[in-house]
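Geometric and topological summary
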Amino acid sequence: MKQFTGISALYFIFFLSVIFLTSCQSTEYPVDYEQLGKEERIVIRFSHVVGEDTPKGMAARKFAELVKERSNGLIEVQVFSNGTLYKDGEEMNALSRGDIQMIAPAISKLTDIVPEISVFDLPFAFNSLDEVHEYALSDIGEKLTNRLKNHNLLVAGLWDSGFKQISNSIRPIEHYSDLEGLRIRIMPSDILTKQYETLNAETKRTDFVTVFNVLQNGNVDGHENTLTNITSKNLYSLQNYITISNHGYLGYLILFNYDFWNSLPEDVQQLLTEILQEVQEWEWQLTKEMDQEKLQEIQHCAIQLHTLSEEDKLEWEEKLQPVYDYYREHYSERFIDALPKFQN
Ligand code: LMR
């Protein structure tokens, strides 16, 4: 409430500035808004659950810095990382209530509100991050993600975490049958449940901040995640084996509370959109680089590493066909048919 009062006051100042400035400049913010009181600025509270030293953590900080710099302090992005403000299960409700204005959840965590979005979770659906981007930005990809609008969510971008790998403390996973009987932590997505069910493994859904504990307590034997998430939380220190499988995509949709977004002046929306576009490109590149770095790093750790060959992957992919059948049967044909691998 207080914040919206602040924004109204701000709009008044903003409109005066716009009238004053439009004759000489557009979409520039030459006034030093640092002079404004805190309550007069636009404040965007941005909550996420991973560490600062991950692609998402770094992109969130870069976004905040660029917004501050290019709006001369008019807009302040407050970043809350590591689930310190809200955990996985809480951040969406907080966004709906307007307690925060921006989140960047893993796509798998949006499948309870738009189940078809789990097309991104399908095993071996994409061969590269470029393929993911192409799909997400295609007409059909945008139709799919825009379904979130019905839930008062504006999709303002896609950030990568990368491709997931599988680690565990019981045995090396070389053949898919090695997963049989293992208890694996997953994100909440029926497609991920189905994936492990098909391989005769058990699954347990937990939020990200408790993954360390469930691995440490032995409540699960292993989990799947990207190398930057695994290393940033020292999760590899609790596991004996890791398989570089690159079997599934993990990425984030950048979401704003739509009512909040619509309450922003057009110039502010435009500035945020431009910055988000720039940060997205930067983040995509960063993810590729960090993933390679973390792979080198993990090779020197006390964890046994196995890499699936291209042949192995084809075998896994074939075994996992029932997951695709499940998606077609329960969700939709067209989102799956549009995947790059079905295009040629
Ligand atoms: C997870 O829960 O494993 C990930 O979604 C965490 C994240 O946001 O990358």
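Note that the coordinates shown come from a computational prediction; the quantities given were computed from them, not determined experimentally.

1. Brief notes about the overall build of the chain
Along its length, the chain carries 13 helices and 11 strands. Here the chain, with 344 residues, has 53% of them falling under the buried criterion. Partitioning the intrachain contacts of the chain with sequence separation of at least 6 by distance along the chain shows that 76% fall at a separation of at least 24. Of the roughly 15100 Å² of accessible surface on the chain, 47% is carried by carbon and sulfur atoms.

2. A closer look at the sheet that holds strand β10 (residues 249-257)
Spatially, the five strands line up as an open sheet ordered β2-β1-β3-β10-β4, and their pairing is mixed. This sheet does not close on itself; its edge strands, each paired only once, are β2 (75-80) and β4 (153-163). Here six bridges tie strand β1 (residues 42-47) to β2, and the two strands are oriented parallel to one another. Bridge pairing in β2 places isoleucine 42 opposite isoleucine 75. Lying over the sheet, helix α2 (residues 55-70) contacts β1, β2, β3 (102-103), β4 and β10, oriented at roughly 160 degrees with respect to β2. Contacts from helix α3 (residues 88-97) reach β1, β3, β4 and β10, with the element oriented near 20 degrees to β10.

3. Some words on the site of the ligand
All residues in the neighbourhood of the ligand are listed as Val49, Val50, Lys56, Ala106, Lys109, Arg185, Met187, Phe208, Asn225, Asn229, Leu250 and Tyr252. Between asparagine 225 and the ligand, the recorded distance is 2.8 Å, taken from a side-chain N or O atom to an oxygen atom. One of the side-chain nitrogen or oxygen atoms of asparagine 229 is found 2.9 Å away from an oxygen atom of the ligand. The pocket occupied by the ligand, as judged from atoms lying within 2 Å of grid points, is the largest cavity. A breakdown of the residues in the shell around the ligand according to their chemical character gives seven nonpolar, two polar and three charged.

4. Let's talk about empty space enclosed by the protein
Inspection of the entire model under this criterion finds one cavity of 30 Å³ or more. By volume, the largest cavity amounts to about 70 Å³. Around the largest cavity, the lining residues are Val49, Val50, Lys56, Ala106, Lys109, Arg185, Met187, Phe208, Asn225, Asn229, Leu250 and Tyr252. Considering only residue class, the lining of the largest cavity consists of seven nonpolar, two polar and three charged. Among the domains, domain 1 (8-114 + 129-161 + 251-287) and domain 2 (165-248 + 294-342) are the pair contributing at least three residues each to the lining of the largest cavity.

5. Considerations on the sheet that holds strand β8 (residues 222-225)
Pairing is mixed in the open sheet, where six strands are placed in the order β7-β6-β8-β5-β9-β11. On the outer flanks of this sheet lie β7 (202-205) and β11 (304-307), each paired with one strand and no other. For this sheet, the mean angle separating the axes of adjacent strands, direction not counted, is 25 degrees. Note that strand β6 (residues 183-186) and β7 share four bridges and pair parallel.

6. Topic: the nonpolar core
Soluble globular proteins tend to pack their nonpolar side chains together in the buried interior. Formed by 99 residues in total, the largest nonpolar core has its most connected members in Phe63, Phe120, Leu122 and Leu179. The element that contributes the greatest number of residues to this core is helix α10 (residues 266-299), accounting for eight residues. Looking at this core, you find at least three residues from each of domain 1 (8-114 + 129-161 + 251-287) and domain 2 (165-248 + 294-342). Apart from residues lying up to four places away in sequence, phenylalanine 120 is in contact with Ile107, Phe126, Val132, Tyr135, Ala136, Leu144, Thr145 and Tyr249.

7. Some words on the pattern of salt bridges
Enumeration according to the criterion identifies 16 salt bridges in this entry. Between glutamate 116 and arginine 147 there is a salt bridge, and its shortest N-O distance comes to 2.7 Å. Here glutamate 116 is found in the loop between β3 and α4 (129-137), whereas its partner arginine 147 is found in the loop between α5 (139-145) and β4, with 31 residues between them in sequence. By relative accessible area, glutamate 116 is classed as buried at 16%. Put simply, aspartate 221 and arginine 183 hold a salt bridge, and the shortest N to O gap is 2.8 Å. In this pair, aspartate 221 is assigned in the loop between α7 (211-216) and β8 and arginine 183 in strand β6, connecting sequence segments 38 residues apart. The partly exposed category is assigned to arginine 183, whose relative accessible area is 28%. Beyond isolated ion pairs, a larger network of salt bridges with shared partners links Arg328, Glu333 and Asp337.

8. Topic: the environment of glutamate 134
Mapped onto the fold, glutamate 134 is located in helix α4. Assessed through its relative accessible area of 58%, glutamate 134 is described here as exposed.

9. A short note on the environment of leucine 238
Among the structural elements, leucine 238 can be located in the loop between α8 (227-232) and β9 (241-244). Exposure remark for leucine 238: the relative accessible area of 22% places this residue in the partly exposed category. Through-space distance from the C-alpha of leucine 238 to that of aspartate 221 is 9.8 Å; in sequence the pair is 17 residues apart. When residues no more than four places from it in sequence are discounted, the contact partners of leucine 238 are Ser169, Phe212, Leu215 and Gln216.

10. Quick word on the confidence of the model for the chain
Reading fine detail from the predicted coordinates is not recommended where pLDDT is low. Per-residue confidence for the chain gives a mean pLDDT of 91, with 88% of residues at or over 70. Below a pLDDT of 50 lies the segment residues 1-27, which in the model reaches 31 contacts outside its immediate sequence neighbourhood of four places, other chains included.

Definitions and limits used
Residues numbered from 1 in each chain as written. Predicted model: local features only at pLDDT ≥ 70, side-chain atom pairs only at ≥ 80, totals over all residues. Heavy atoms only, no water. Helix = DSSP H or I, 4+ residues; strand = E, 2+ residues; numbered from the N terminus. Buried < 20%, exposed > 50% of the residue type's maximum accessible area, 1.4 Å probe, protein only. Contact = heavy atoms within 4.5 Å. Areas by Shrake-Rupley, 256 points an atom, 1.4 Å probe, with all protein chains shown as cover. Pairing = 2+ DSSP bridges. Axes fitted to C-alpha atoms, helices over the stretch in contact; angles between N-to-C directions. Near = heavy atom within 4 Å. Polar contact = N/O pair within 3.5 Å; in protein donor to acceptor, adjacent residues only side chain to side chain. 1 Å grid on protein atoms, 1.4 Å probe; cavity = no way out; pocket = protein on both sides within 12 Å on 5 of 7 lines; lining within 4 Å. Sits in = over half its atoms within 2 Å of the grid points. Nonpolar A, V, L, I, M, F, W, Y, C, P; charged D, E, K, R; others polar. Points joined across faces, edges and corners; volume = space filled by probe spheres on them. Domains from an automatic or database assignment. Core = buried A, V, L, I, M, F, W, Y, C linked by side-chain atoms within 4.5 Å. Salt bridge = Lys/Arg side-chain N within 4 Å of Asp/Glu carboxyl O. pLDDT = per-residue confidence, 0-100.

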